Amino acid sequence: MKILNILEIIEKKRDKKELSTEEINFFIEEYTKGNIADYQASALIMAIYLNGMTEKETSDMTMAMAKSGEVLELSDLSENIVDKHSTGGVGDKVSLILLPLVASLGVIVAKMSGRGLGFTGGTVDKLESIPGYRTNIGIDEFKENVRKIGISMISQTANLAPADKKLYALRDSINCVESMPLIVSSIMSKKIASGAQKIVIEVTVGNGAFMKSEEDAKKLAEEMIKIGKMVNREVVCILTKMDEPLGFAVGNNLEVIEAVKFLKGDMPEDLKQVVLELGSNMIKLAGLGNDLEKNKEMMLENISNGKGYAKFIEMVKTQGGDISYIENLDKFPKSKFIVPILSKNSGYITNLPAKEIGEMACFLGAGRISKDDKIDNSVGIVLTKKVGDFVKNNEVIAYIHSNDTEKAKKVEKDFYEICEIGNSR
Ligand code: URA
């Protein structure tokens, strides 16, 4: 048996040679255990960043990272567990709406989500803004909830793909996040570890997304589909725009409120299109309908008849959440100051950049700059206009929800700088 050695692995990748399955397994296992130093892992990651990986290497990396911790077995719940993933965005409350909605149509939903970091929010933080909602339950209770009501949404367990957690932090610290094989293996490893057999992935593209160009987003989608095939997972990717925030609200309980209103029939058009696109594909993958247009109709039907909303209430209740907040949205705590931003001229809104608005919400306290920061559930930004809308002089464009007047003032000033108004759409 050949004794493996990290220096030889670095040398091979540095010299543009293909790593074997054993070498990739060795690197992932030993790095996760702490037997390979960060400086050596950094050298390898930089070599991968510069020289890329073959498809075989990427699929090996995916499986090695998936197996670096606990791999959930969900086949006892259903043969057709369909997971959903998004590469992230601003105002992204899609999971809160989509998953109860498809669950109300019979799709079995066993979903683990992440927390937000930086300007992108996380579904778990949003769920936790519902008083009492427990995102941290054990796997047995998680499965029991899925068995009982067909849906559970919780936070990723600490032992889910730990190699990815470590490597992601390392990539971030050495500016090597934006490597296609590393992004693909990072996303796919977490989906595989959380028990998904079929996966609908929303690849966001634009100013507030990881992928800034459609070309890169398409490439990422193609890679994930290819690697999915190699590791026996059916993957469907949907490209969606992330140039302005999705819907109107950015901030934790502000987004929960918008999600609940959506489930009761008040659907912002951009959010509606994303929910229908992803949901119709989830229903198809779950084997509950091959016709995507019909699936969209079924989803809209379950909005009109209240079944999607009822499933959301059932899920919140089962997870320990206080449903009186959902039934009476006014109960959610409000920020001390709600400051309108008034337009200084009239015209069409031509730019409301998602990234900058996400950063403003984060600055107000809705997000984390570093992993251990506390978040404030009541703050954020609620737009009243979208790109393409006409705005009159002195009309409200957005509301700042803040618990700090100085922060609100700064956000108001910055908002005028990033919001562009022109003479035509
Ligand atoms: N999202 C992930 O989960 N991992 C990446 O590497 C990039 C985006």
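Starting afresh in each chain, residues are numbered from 1 along the sequence in its written order. This being a predicted model, a pLDDT of at least 70 is required before a residue's local features are given, and a value of 80 or more before pairs of side-chain atoms are given or counted; all residues contribute to the totals for chains, interfaces and linings. The side-chain values count all of the structure's non-hydrogen atoms but skip hydrogen atoms and water molecules.

Undergrad: Just give me the short version of the sheet that holds strand β5 (residues 234-241), but keep the residues and values in it.
TA: Two strands pair if DSSP finds at least two bridges between them. Here a strand is any run of E in DSSP of at least two residues, a helix any run of H or I of at least four, and the numbering for each starts at the N terminus. With parallel pairing, the 3 strands of this open sheet are ordered in space as β1-β4-β5. The sheet terminates laterally at β1 (82-86) and β5, the two strands that pair on one side only. Sheet twist, expressed as the average angle between the axes of neighbouring strands with direction ignored, equals 20 degrees. Taken together, the 8 bridges between strand β4 (residues 198-205) and β5 define a ladder with parallel strand orientation. By the bridge assignment for β5, I201 is matched with C237. Contacts between helix α12 (residues 269-285) and the sheet are confined to β1, β4 and β5, with β4 contributing the most and set at about 160 degrees to the helix. Here an angle of 0 to 180 degrees is reported between the N-to-C directions of two axes, which are lines fitted to C-alpha atoms, with helices fitted over the stretch in contact. When checking whether two residues touch, look at their non-hydrogen atoms; a contact exists if any pair is within 4.5 Å.

Undergrad: Lay out a nonpolar patch on the surface in plain terms, naming residues and giving numbers.
TA: A cluster of nonpolar side chains, contributed by M46, Y49 and L50, occupies part of the molecular surface with about 290 Å² of accessible area. In this fold, Y49 is placed in helix α3 (residues 38-51). Here the term patch refers to residues with relative accessible area over 30% and no salt bridge, with like charges joined within 9 Å and nonpolar side chains (Val, Leu, Ile, Met, Phe, Trp, Tyr) within 5 Å. What sets the accessible areas is the Shrake-Rupley method with a 1.4 Å probe; for residues, cover comes only from the shown protein chains. The rule for a salt bridge is simple: a side-chain nitrogen of Lys or Arg has to be within 4 Å of a carboxyl oxygen of Asp or Glu.

Undergrad: Can you break down the site of the ligand residue by residue, with the values?
TA: Proximity is defined per residue: any heavy atom of the residue falling within 4 Å of a molecule or strand makes that residue near it. In the region of the ligand, the neighbouring residues are Y168, R171, I183, S186, I187, K190 and F210. In isolation the ligand exposes 240 Å². Once the protein is present, 89% of that is buried. Listed by contribution, the elements that provide at least two residues to the shell around the ligand are α8 (162-173) and α9 (180-193). Top element by residues in the shell around the ligand is α9. It accounts for 4 residues. Asp, Glu, Lys and Arg are counted as charged, while Ala, Val, Leu, Ile, Met, Phe, Trp, Tyr, Cys and Pro are counted as nonpolar; the rest, among them Gly, fall into the polar class. Of the residues assigned to the shell around the ligand, the class counts are 4 nonpolar, 1 polar and 2 charged.

Undergrad: Summarise the pairing of strand β3 (residues 151-155); cite the residues concerned and give the values.
TA: Categorising residues by exposure relies on relative accessible area from a 1.4 Å probe, with only protein chains included: less than 20% of the type maximum marks a residue as buried, more than 50% marks it as exposed, and the intermediate range marks it as partly exposed. In terms of residue burial, β3 counts as a mostly covered element, since 5 of its 5 residues are buried. Alternating positions in β3 separate into two faces, I151, M153 and S155 on one and S152 and I154 on the other, with burial throughout. Where strand β2 (residues 109-113) meets β3, 5 bridges bridge the pair, whose relative direction is parallel. Residue pairing across strands places V109 opposite I151, the latter belonging to β3.

Undergrad: Pulling in residues and values, what's your account of the packing of aromatic side chains?
TA: Each aromatic pair joins two rings of Phe, Tyr and Trp (for Trp, the six-membered one) with centres within 6.5 Å, and gets the label stacked for planes under 30 degrees apart, edge-to-face for over 60, and tilted for any other angle. Counted by the stated rule, this structure contains 3 aromatic pairs. A cation sits over an aromatic face here: K166 above Y31, 4.4 Å from the ring centre. A cation over an aromatic ring shows up here: K264 above the ring of Y309, its NZ or CZ 4.9 Å from the ring centre. In our convention, an over-ring charge means Lys NZ or Arg CZ found within 6 Å of a ring centre and within 35 degrees of that ring's normal.

Undergrad: Provide a residue-level description of empty space enclosed by the protein, including the pertinent values.
TA: Here a cavity denotes grid points, spaced 1 Å and computed from the protein atoms alone, that fit a 1.4 Å probe unable to get out, and a pocket denotes an open set having protein on both sides within 12 Å along at least 5 of 7 lines; residues with an atom within 4 Å of a point are the lining. Grid points are joined across faces, edges and corners, and a volume is the space filled by probe spheres set on the points. Within this structure, the stated rule accounts for 1 cavity of 30 Å³ or more. In this structure, the largest cavity spans a volume of roughly 160 Å³. The wall of the largest cavity is formed by 22 residues, among which F119, T120, G121, E255 and A366 lie closest to the centre. Of all elements in the fold, only α6 (123-128), α11 (252-263) and α16 (354-366) reach the threshold of two or more residues within the lining of the largest cavity. Among the elements that take part in the lining of the largest cavity, α16 stands out by supplying 4 residues, more than any other. Its residues assigned to classes, the lining of the largest cavity shows 6 nonpolar, 11 polar and 5 charged.

Undergrad: Any chance you could break down the packing of helix α1 (residues 6-14) against α3 for me, citing the residues and the numbers?
TA: The interhelical angle for the contact between α1 and α3, taken along N-to-C directions, is 20 degrees, at an axis separation of 9 Å. What the angle tells us is that α1 and α3 run roughly parallel. Regarding α1 and α3, the two cross each other, and that crossing is left-handed. Residue-level inspection shows I6, L7, I9, I10, K13 and R14 of α1 in contact with α3, the latter providing Q40, A43, L44, A47, I48 and N51. Of the residues assigned to the contact of α1 with α3, the class counts are 8 nonpolar, 2 polar and 2 charged. Comment on the angle field: the value is read as roughly parallel under 35 degrees, roughly antiparallel over 145, roughly perpendicular from 65 to 115, and oblique elsewhere. A crossing counts as left-handed when the near helix is turned anticlockwise from the far one by less than a right angle, and as right-handed when that turn is clockwise.

Undergrad: Describe the pairing of β2, and please don't skip the residues or the numbers.
TA: Within β2, 5 of the 5 residues are buried, which leaves the element mostly enclosed by the surrounding structure. Along β2, one buried face is formed by V109, K111 and S113 and the opposite face, lined by A110 and M112, is buried too.

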